[in-house]
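Report on the structure
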Amino acid sequence: MTTKLKGAWVTHVGNKKPDNEDSVFFGKACVCGRSMNEPEAVELDGTDWLLGVADGVGGHNAGETASRLCSEAAIGMEEVSRATVDSLLQNLNKEIFDKSVEDETLSGMGTTVAGVALGGGGLFAFNVGDSRVYRFHAERGLERVTLDDSLLERGDAKTGTPMPFAPSNVITQALGGRKTFKEITPNLYDLET
């Protein structure tokens, strides 16, 4: 099944950083390392695609590099399925970590990612970290699809119990972003319903 989509993106640097560490991917289009304050329209026509945003982890070096690596890998996917997206994100975690160890200027770099995919097995959302996916439902309105990988929403890895009084900016997993390597578990969400 071929799908035609039209979309637009706009991001904001935020209040603390001088540069935009976001990058976006939409099918084979990718925008990284520049201001995205003005909406940019894109079209997508295909059978397998990913669209989403990678957001460099705040307080770490080279977030813009990590988010660019993530988006460039996403636009390079030929076959999209839950298994290939899961594998892509796990491999990116290792690649980003390895690059951060090899180059001192990239030490600790990391990114969060969230998006939507269409491929073998249907339509699904994915995320790692605290970047989010929302959808608009005609009857229910705007709905949040993803959960953040944060102490606030998922709790620590041992108990998995949410910690409602934890700071909202403490994430429990990202692509890279650590001094020692840690495997990740990408989150995948069915959007067929």
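Here's a quick rundown of the structure. (Residues numbered from 1 in each chain as written. Predicted model: local features only at pLDDT ≥ 70, side-chain atom pairs only at ≥ 80, totals over all residues. Heavy atoms only, no water.)

Its 21 residues give helix H2 (residues 82-102) an end-to-end C-alpha distance of 30 Å, which sits within 8% of 30 Å, the value for a rise of 1.5 Å per residue. Along H2, the residues classified as buried are Val85, Leu88, Leu89, Leu92, Asn93, Ile96, Phe97 and Ser100. Along the axis of H2, the buried positions cluster into a sector of 160 degrees, meaning they face one direction only. Every exposed residue of H2 that faces more than 90 degrees away from the buried side is listed here: Ala83, Asn91, Val101 and Glu102. Against the buried residues of H2 lie strand S5 (49-56), helix H1 (63-75), strand S6 (110-119), strand S7 (122-128), strand S10 (175-176) and strand S11 (187-190). (Helix = DSSP H or I, 4+ residues; strand = E, 2+ residues; numbered from the N terminus. Expected span 1.5 Å × (residues − 1). Buried < 20%, exposed > 50% of the residue type's maximum accessible area, 1.4 Å probe, protein only. Arc of directions from axis to C-beta. Contact = heavy atoms within 4.5 Å.)

This part is about empty space enclosed by the protein. Summed over all chains, the structure comprises 1 cavity of 30 Å³ or more. Taken as a whole, the largest cavity holds about 40 Å³ of empty space. Residue lining of the largest cavity: Asn93, Gln173, Ala174, Gly176, Arg178, Lys182, Glu183 and Ile184, and that is the complete set. For the lining of the largest cavity, the per-class residue count stands at 2 nonpolar, 3 polar and 3 charged. (1 Å grid on protein atoms, 1.4 Å probe; cavity = no way out; pocket = protein on both sides within 12 Å on 5 of 7 lines; lining within 4 Å. Points joined across faces, edges and corners; volume = space filled by probe spheres on them. Nonpolar A, V, L, I, M, F, W, Y, C, P; charged D, E, K, R; others polar.)

In this structure, Ala125 sits in strand S7. Its relative accessible area of 0% is what places Ala125 among the buried residues. Between the alpha carbons of Ala125 and Leu51 there is a distance of 9.4 Å; along the sequence they are 74 residues apart. In this structure Ala125 touches Gly115, Val116, Val133, Val145, Asn187, Leu188, Tyr189 and Leu191, once residues within four positions along its chain are discounted.

In this section: the nonpolar core. Counting residues in hydrophobic clusters, the biggest one holds 25 residues, and the most contacted among them are Leu50, Val85, Leu89, Val113, Phe126 and Leu175. When near neighbours in sequence (up to four residues on either side) are disregarded, Leu89 contacts Val113, Phe126, Val128, Leu175, Ile184 and Pro186. Counting residues in hydrophobic clusters, the runner-up holds 13 residues, among them Leu44, Trp49, Ala114 and Val116. (Core = buried A, V, L, I, M, F, W, Y, C linked by side-chain atoms within 4.5 Å.)

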